[in-house]
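Here is how the chains run, residue by residue.
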Amino acid sequence: MTSLPCADLSSLLGRRPTLESLTTSVWDAVVIGGGITGAGILLEAARRGLRVLLVEQRDFAWGTSSRSSKMVHGGLRYIAQGELQLTHHSLQERERLLSELPGLVERMRYVFPVYTGKFPGRWPLTLILTLYDWLAGIRDKRWLSKAELLALYPQLEQRRLRGAMSYTDALTDDCRLVMRVLQEAMCEGGRARTYTEVTHIETQTTGSRLTLRDSDTGATITIQSKQVFNATGLWADRLSGTAPVVRPQRGSHLFIAAERLPVQDCLSFMHPDDGRPVFIFPWKGQTCIGTTDIDHGTNISTEPSCSNEEIDYLLKVTNNELPQLHLGRADIISTMAGVRPIIASGKGRDPSKERRNHLVWQADGVISVSGGKLTTFRQIALDALHAAGLIDTASYRHAHHDRTLRCFNHDLPDPQQLSHPRVGMAQGAALLEQVEWILLHEMVTHLDDMLLRRLRAGTLLADAGLSLLPQLKPLFQARLGWSEQDWKLECERYFQMIERYYRIPKHD
Ligand SMILES: Cc1cc2nc3c(=O)[nH]c(=O)nc-3n(C[C@H](O)[C@H](O)[C@H](O)COP(=O)(O)OP(=O)(O)OC[C@H]3O[C@@H](n4cnc5c(N)ncnc54)[C@H](O)[C@@H]3O)c2cc1C
């Protein structure tokens with residue numbers, strides 16, 4: 001692996017810079033939005049020697065980028081919908097990320113049971129998967145006989161079961177992927193600040209003037225930048241200066257204890273109601289079921305949550321395919337809802353039939369980018385830089401063959417411990433060591449930054465990590481200087497979030 005010397009990460013991404021320190025001079029570029037798209041743009045711009053700043057209104061990956069299905073994939077569904085180019089790009093990126101980020105992006109076997117008289121049958125699947133593997137440059141698909149399949153999953157519905165097609169894709173921890181790209185961007189000279197909202201952009205002759213508001217204190221400042229990238233995904237219409245293009249579509253997941261729903265592969269089923277694919281997969285020691293795909297409506301100001309209707313939809317397909325398990329609402333540890341920023345076709349299509357491509361567009365000196373996938377973040381970042389004229393066509397083409405993640409810092413915790421998608425949270429001393437490292441290196445500002453995104457305790461543990469709080473308190477107080485009162489307020493804020501957005505809703 002190529003190693004670049006990296007500066008001390010704790011001084012770069014550890015503590016939030018003060019608002020005032022951002023006003024010192026004119027930035028070459030400001031990126032708004034700290035999801036995977038913003039992180040990718042920050043990295044590609046910093047790598048080209050630009051003075052670039054990223055600002056995020058909440059925590060890194062707080063938006064859609066911590067609420068995805070965690071798949072680094074081509075998307076079998078997209079190939080079936082004829083989206084060959086999107087599938088091809090995604091598969092190329094999948095293979096590249098697998099080779100660059102072992103431990104964080106992991107190959108995973110997908111198992112697609114086939115039933116007599118039910119679409120898709122063995123031969124259509126074989127055809128699609130041959131093309132899928134060919135586009136990725138691998139040969140992984142295989143037929144599993146009924147006996148082989150039932151040896152793995154005896155709980156499967158056996159009536160008319162013929163066997164299953166197996167193939168591979170990849171899984172990750174989306175939030176940790178964002179953090180990894182940000183760390184790389186910091187090593188390349190980028191800067192970032194969380195809990196900093198852009199409230200206004202004013203176009204000037206030589207660039208733009210942006211008003212930033214500290215989301216916690218309410219303090220505001222203005223900064224100057226030659227270029228502005230609006231990478232706010234779902235919220236892109238608010239800052240783009242153009243007519244709206246984003247159609248918010250919610251997707252929810254359920255987390256179930258692995259003992260109750262044990263799977264070692266990603267099982268793929270077609271939902272009996274609408275024929276949409278639903279996945280049941282192992283994630284960090286528990287099992288995840290997802291996802292739904294429904295219009296979210298216009299309320300994008302509050303955190304999304306899973307509705308009772310979505311819970312019923314996901315339990316229905318699970319009990320249909322694994323009837324012996326009798327899975328019920330009492331088995332749900334937590335729920336997680338995310339909202340896809342889909343580029344609207346304007347044709348009133350069924351939500352799941354809208355295309356998943358990204359769009360880069362510009363007006364009044366702002367380059368906006370939205371849509372797309374976690375998997376294709378590099379492609380999206382390069383498209384945005386190209387549109388801004390920051391890279392010419394030749395280097396744009398060349399960049400597609402570069403490594404994205406080159407910098408290797410020995411201070412980073414072992415990815416096998418912190419980021420391995422199939423290993424649950426660390427425990428005991430190892431957990432405290434990780435918490436200490438994260439507090440030093442990952443700009444944690446609130447308790448939920450740690451528990452919901454960096455550690456995922458909020459979704460993986462039945463008690464949402466409440467039993468860990470006494471051990472965590474002295475670390476937060478020592479590292480972040482929190483008083484007793486600060487700790488109490490942070491705990492209350494966290495309890496409320498968990499109750500409102502990550503548990504079974506009491507009513508819709
Ligand atoms: C249910 C679901 C499942 C998915 N599954 C997959 C999958 O398996 N594989 C895959 O490749 N893709 C998947 N996706 C798609 C993928 O998650 C998204 O395409 C991707 O995360 C979008 O990233 P983003 O950075 O554009 O947006 P976001 O992650 O939402 O980032 C935008 C950020 O901008 C910030 N922001 C907004 N306004 C402002 C402002 N004024 N000032 C400062 N900051 C602001 C927000 O707080 C937010 O953090 C899924 C999406 C969903 C919803």
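Source: prediction; values computed, not measured.

Colleague: Any chance you could explain the overall build of the chain here in plain terms?
Modeller: Per the secondary structure count, the chain includes 17 helices and 18 strands. On C-alpha atoms alone, the chain measures out to a radius of gyration of 22 Å, which is about the 23 Å that the 2.2 N^0.38 rule sets for 508 residues. With the principal axes as the frame, the chain shows a C-alpha extent of 70 × 55 × 45 Å. Buried positions account for 59% of the 508 residues belonging to the chain. In the chain, once contacts between residues fewer than 6 apart in sequence are set aside, the share between residues at least 24 apart is 74%. Per element, the accessible surface of the chain, about 20,000 Å² overall, is 53% carbon and sulfur.

Colleague: Whenever I open this one, the domain arrangement of the chain confuses me. Can you help?
Modeller: According to the domain assignment, the chain contains domain 1 (9-65 + 175-245 + 355-399), domain 2 (252-343) and domain 3 (426-501). Relative placement of domain 1 and domain 3: their C-alpha centres are 27 Å apart. The interface of domain 1 with domain 3 comprises 21 residues on the first partner and 17 residues on the second. Carbon and sulfur atoms make up 48% of the surface buried where domain 1 meets domain 3, a total of about 1,500 Å² over both sides.

Colleague: What is the right way to look at the nonpolar core in this model?
Modeller: In globular proteins that are soluble, nonpolar side chains generally tend to be buried together. Within the largest apolar cluster, 55 residues are counted, with the highest numbers of intra-cluster contacts made by Val 435, Leu 447 and Phe 476. No other element matches helix 17 (residues 484-501), which puts six residues into this core. Two domains share this core, each providing at least three of its residues, namely domain 2 (252-343) and domain 3 (426-501). Those residues in contact with Val 435 that lie beyond four places of it in its chain are Met 450, Leu 455, Leu 472, Leu 475 and Phe 476. Counting 47 residues, the second-largest nonpolar core is a separate cluster that includes Leu 177, Leu 182, Val 369 and Leu 385.

Colleague: Teacher, can you tell me more about the side chain of Ser 69 here?
Modeller: Note that Ser 69 resides in the loop between strand 2 (52-55) and strand 3 (71-72). Ser 69 gets classed as buried once you look at its relative accessible area, which sits at 17%. Only 2.8 Å separates the side chain of Ser 69 from the side chain of His 253, close enough to count as a polar contact.

Colleague: What's the story with the site of the ligand in this structure? I'm lost.
Modeller: Thr 37, Glu 56, Ser 65, Met 71 and Thr 375 are the nearest of the 37 residues found near the ligand. Ser 69 is positioned such that a nitrogen or oxygen atom in its backbone is 3.0 Å from a nitrogen atom of the ligand. Gly 372 is positioned such that a nitrogen or oxygen atom in its backbone is 3.0 Å from an oxygen atom of the ligand. Expressed as a share of its isolated accessible area of 1,000 Å², the protein-covered part of the ligand is 96%. Looking at the shell around the ligand, the elements that each hand over two or more residues are helix 2 (36-47), strand 8 (196-204), strand 11 (246-257) and strand 16 (332-343). In the shell around the ligand, the residues fall into eleven nonpolar, 20 polar and six charged. The residue makeup of the shell around the ligand includes at least three contributed by each of domain 1 (9-65 + 175-245 + 355-399) and domain 2 (252-343).

Colleague: When you look at the environment of Lys 226 in this model, what are you seeing that I'm missing?
Modeller: Within the secondary structure, Lys 226 is located in strand 10 (residues 220-230). Placed 97 residues apart in sequence, Lys 226 and Pro 323 show a C-alpha to C-alpha distance of 59 Å. Ignoring any residue separated from it by four or fewer positions in sequence, one finds Lys 226 in contact with Val 26, Trp 27, Asp 28, Thr 206 and Gly 207. Engagement of the side chain of Lys 226 in a polar contact is seen with the side chain of Asp 28, the distance being 3.1 Å.

Colleague: Just to check I follow, could you spell out the environment of Leu 432 for this structure?
Modeller: One can find Leu 432 in helix 13 (residues 428-441). Sequence separation between Leu 432 and Leu 472 is 40 residues, and the spatial gap between their C-alpha atoms is 7.4 Å.

Colleague: Looking at this structure, I do not really get the packing of helix 14 (residues 447-454) against helix 16 (residues 469-480). What am I missing?
Modeller: Between helix 14 and helix 16, the shortest axis-to-axis distance is 12 Å and the interhelical angle comes to 125°. It follows from the interaxial angle that helix 14 and helix 16 lie oblique. You can see that helix 14 and helix 16 cross each other, and the crossing is right-handed. Facing Leu 447, Met 450 and Leu 451 of helix 14, the residues of helix 16 in contact are Leu 469, Leu 472 and Phe 476. Across the contact of helix 14 with helix 16, the residue classes break down as six nonpolar, no polar and no charged.

What counts, and at which threshold
Residues numbered from 1 in each chain as written. Predicted model: local features only at pLDDT ≥ 70, side-chain atom pairs only at ≥ 80, totals over all residues. Heavy atoms only, no water. Helix = DSSP H or I, 4+ residues; strand = E, 2+ residues; numbered from the N terminus. Rg over C-alpha atoms; globule rule 2.2 N^0.38 Å. Buried < 20%, exposed > 50% of the residue type's maximum accessible area, 1.4 Å probe, protein only. Contact = heavy atoms within 4.5 Å. Areas by Shrake-Rupley, 256 points an atom, 1.4 Å probe, with all protein chains shown as cover. Domains from an automatic or database assignment. Buried area = accessible area lost by both parts, 1.4 Å probe. Core = buried A, V, L, I, M, F, W, Y, C linked by side-chain atoms within 4.5 Å. Polar contact = N/O pair within 3.5 Å; in protein donor to acceptor, adjacent residues only side chain to side chain. Near = heavy atom within 4 Å. Nonpolar A, V, L, I, M, F, W, Y, C, P; charged D, E, K, R; others polar. Axes fitted to C-alpha atoms, helices over the stretch in contact; angles between N-to-C directions. Parallel < 35°, antiparallel > 145°, perpendicular 65-115°, else oblique. Left-handed = near helix turned anticlockwise from the far one by under 90°.

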